[in-house]
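Here is what each chain is made of, one letter per residue.
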There are 2 protein chains.
Amino acid sequence: MEHRIERIKKHLHSQSYKLTPQREATVRVLLENEEDHLSAEDVYLLVKEKAPEIGLATVYRTLELLSELKIVDKINFGDGVSRYDLRKEGAEHFHHHLVCIECGSVEEIEEDLLGDVEKLIEGEWGFQVKDHRLTFHGICRVCQKAAVSSGSNTSSHN
Amino acid sequence: MEHRIERIKKHLHSQSYKLTPQREATVRVLLENEEDHLSAEDVYLLVKEKAPEIGLATVYRTLELLSELKIVDKINFGDGVSRYDLRKEGAEHFHHHLVCIECGSVEEIEEDLLGDVEKLIEGEWGFQVKDHRLTFHGICRVCQKAAVSSGSNTSSHN
DNA sequence: TTAGTTGCAAACTCTTTGCATTTAG
DNA sequence: CTAAATGCAAAGAGTTTGCAACTAA
């Protein structure tokens, strides 16, 4: 964890940005919640626990900065809120998401599923792919089980 | 075109919604601009040309209704604006998009590229896929050519 | 020392809502 | 006739910005 902070610090310095305590606290919150998809407000509340004086505007500015530096990815699941996701070390592509339409849970898929599809896009459409966003909407394992055990009689031909 | 209006009318009636002149005008605008990805504001301005009395709130309400009825899809390319896209007749899945990071153009791909990937998701992750959103960000054909002819010397190993 | 950063409050943008009035079916 | 829909203006939610004070490098 510390080495990741250190790396981000260098990344900031290389562009003559400073690593302020507020920024460090924000990055720490993101590191400690890598699995989640926090909104700016979520981050704000968590940062506030460590550094109560921080303002929401600073969180927004920090997240925007980290986003520009490709340290985080800004995503949008369709509710009107932006969420921020730390990029995995050395990840070439943005990871994918499985969003459950029942319970709202979000699962991440690191695996690159789109290699072939991207080749097709470049070949057939002449479009040079730089990044992608892929989200599946559906029903997660847990909610499928819940539906079965509550006796919903949807014919499951599987 | 008229038969598509007629079909939508029936779809509305079947749920005891009315096809008001405002709704019809909105649907017509969407039909006439199927290729584009209009924001609510865009739709509002276009509808206003035919039906100047319409209010922005009505456009929002209509788009939300059409979205619920799966007549349109609501999408979000990351700028803070929702865009609305008429579903193609009989389209099972949401189509894909190629967004150019140079010129902002958006191209649509009707072809279903994710059949295999979805099977994998269902098999490996036990996640029952209902729909997906796939957007590629990159450089469109036109901007690639522009970059070459303006003599940008980025080594293109292709 | 000083360019960069912060907190605050006010401003902005997009979207939703309350309500009196109108209208499609 | 009446439930549904409309237009307007006001309210909400999320995000951005101006500015004087502050601070990391």
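Quick note: structure is the one above.
Conventions and cut-offs
Residue indices follow the written sequence of each chain, beginning from 1 at its first position. Written order determines the labels here, with chains lettered from A and ligands numbered from 1. The model is predicted, so local features are restricted to residues of pLDDT at least 70 and side-chain atom pairs to those at 80 or more, both for listing and for counting; the totals for chains, interfaces and linings are taken over all residues. Each side-chain value is worked out from all heavy atoms of the structure, with water and hydrogens disregarded. In DSSP terms, a helix is any run of H or I states spanning at least four residues, a strand is any run of E spanning at least two, and both are numbered starting from the N terminus. Note on exposure labels: buried denotes an accessible area under 20% of the residue type's maximum, exposed denotes more than 50%, and partly exposed covers the range between, all computed with a 1.4 Å probe on protein chains only. Here a residue-residue contact requires only that any non-hydrogen atoms of the pair lie within 4.5 Å. In this description, accessible areas are obtained by the Shrake-Rupley approach with a 1.4 Å probe, and a residue is regarded as covered only by the protein chains that are shown. When charges are counted, Lys and Arg contribute as positive and Asp and Glu as negative, whereas His and the chain ends are disregarded. A charge is said to be at NZ when it belongs to Lys, at CZ for Arg, at CG for Asp and at CD for Glu. In these notes, residues near a molecule or strand are those with any non-hydrogen atom within 4 Å of it. We call two N or O atoms a polar contact when they sit within 3.5 Å, provided that within protein one can donate a hydrogen and the other can accept it, with sequence-adjacent residues counted only if both atoms are side-chain atoms. Gly falls in the polar group here, along with every residue not listed as nonpolar (Ala, Val, Leu, Ile, Met, Phe, Trp, Tyr, Cys, Pro) or charged (Asp, Glu, Lys, Arg). Just to be clear on terms, a salt bridge is a Lys or Arg side-chain nitrogen sitting within 4 Å of an Asp or Glu carboxyl oxygen. Any two strands are treated as partners once DSSP identifies two or more bridges connecting them. Copy-to-copy alignment: least squares on C-alpha atoms, limited to residues at pLDDT 70 or above in both.

(A) Molecular detail of the overall build of chain A. Check the secondary structure of chain A and you find 6 helices and 6 strands. Start at the N end of chain A and walk to the C end: the helices and strands fall as α-α-β-α-α-β-β-β-β-α-β-α. The buried share of chain A, reckoned over its 158 residues, is 42%. Contacts in chain A between residues at least 24 apart in sequence constitute 48% of all its contacts with a sequence separation of at least 6. As presented, chain A carries roughly 9000 Å² of accessible surface, and 48% of it is formed by carbon and sulfur atoms. Here chain A contributes 20 positive and 29 negative side-chain charges, whose respective centroids are spaced 6 Å apart.

(B) Structural view of the protein's contact with DNA strand C. Around DNA strand C lies a shell of 22 residues, among which Thr-20, Arg-23 and Thr-58 of chain A together with His-13 and Tyr-60 of chain B are the nearest. The protein-proximal atoms of DNA strand C, defined as those within 4 Å of the protein, are 68% sugar or phosphate. Lys-18 of chain A places a polar main-chain atom, nitrogen or oxygen, 3.0 Å from a phosphate oxygen of DNA strand C. Contact distances for DNA strand C include 2.6 Å between a phosphate oxygen and a side-chain N or O atom of Thr-20 of chain A. Elements with a contribution of two residues or more to the surface near DNA strand C: helix 2 (21–32) and helix 4 (56–68) of chain A together with helix 4 (56–68) of chain B. Considering each element in turn, the surface near DNA strand C owes the most residues, 4 residues, to helix 4 of chain B. Taken together, the residues of the surface near DNA strand C sort by class into 8 nonpolar, 8 polar and 6 charged.

(C) Expanded view of the protein's contact with DNA strand D. Around DNA strand D there are 23 residues in total, and His-13 and Tyr-60 of chain A together with Thr-20, Arg-23 and Thr-58 of chain B lie nearest to it. Among atoms of DNA strand D positioned within 4 Å of the protein, sugar and phosphate together represent 69%. At a separation of 2.4 Å, a phosphate oxygen of DNA strand D approaches a polar side-chain atom of Tyr-60 of chain A. Between a phosphate oxygen of DNA strand D and a main-chain N or O atom of Lys-18 of chain B, the distance comes to 3.1 Å. Those elements that provide at least two residues to the surface near DNA strand D are helix 4 of chain A together with helix 2 (21–32) and helix 4 of chain B. Considering only residue class, the surface near DNA strand D consists of 9 nonpolar, 8 polar and 6 charged.

(D) Fine view of the pattern of salt bridges. Applying the stated criterion across every chain yields a total of 24 salt bridges over all chains. Measuring nitrogen to oxygen at the nearest pair gives 3.9 Å for the salt bridge that ties Arg-133 of chain A to Asp-131 of chain A. Glu-108 of chain B is the salt-bridge partner of Lys-88 of chain B, the closest N and O atoms lying 3.6 Å from each other. Of this pair, Lys-88 of chain B sits in the loop between strand 3 (82–86) and strand 4 (96–100) while Glu-108 of chain B sits in strand 5 (residues 106–109), and the two are 20 residues apart along the sequence. Residue classification places Lys-88 of chain B among the partly exposed positions, given a relative accessible area of 22%. The exposure class assigned to Glu-108 of chain B is buried, which follows from its relative accessible area of 16%.

(E) Structural view of the pairing of strand 2 (residues 72–76) of chain B. Residue and element names in this part refer to chain B. Of the pairings in the sheet, the one linking strand 2 to strand 3 comprises 5 bridges and is antiparallel in character. The residue bridging Ile-75 from the neighbouring strand is Arg-83, located in strand 3. In this antiparallel pair of consecutive strands, strand 2 and strand 3, the connection spans 5 residues, and Gly-78 shows a positive phi of 110°.

(F) Looking closely at the relation of the copies chain B and chain A. For the match of chain B to chain A, the screw axis carries a shift of 0.0 Å, the RMSD comes to 0.0 Å, and the turn is 180°. With respect to symmetry, the two chain copies, as superposed, fit the operation of a two-fold axis. Among all residues of chain B, the one whose C-alpha sits closest to the rotation axis is Leu-134 of chain B, at a distance of 2.3 Å. An overlap of 100% is found between the interface residues of chain B and their copies at the interface of chain A, pointing to a shared contact surface.

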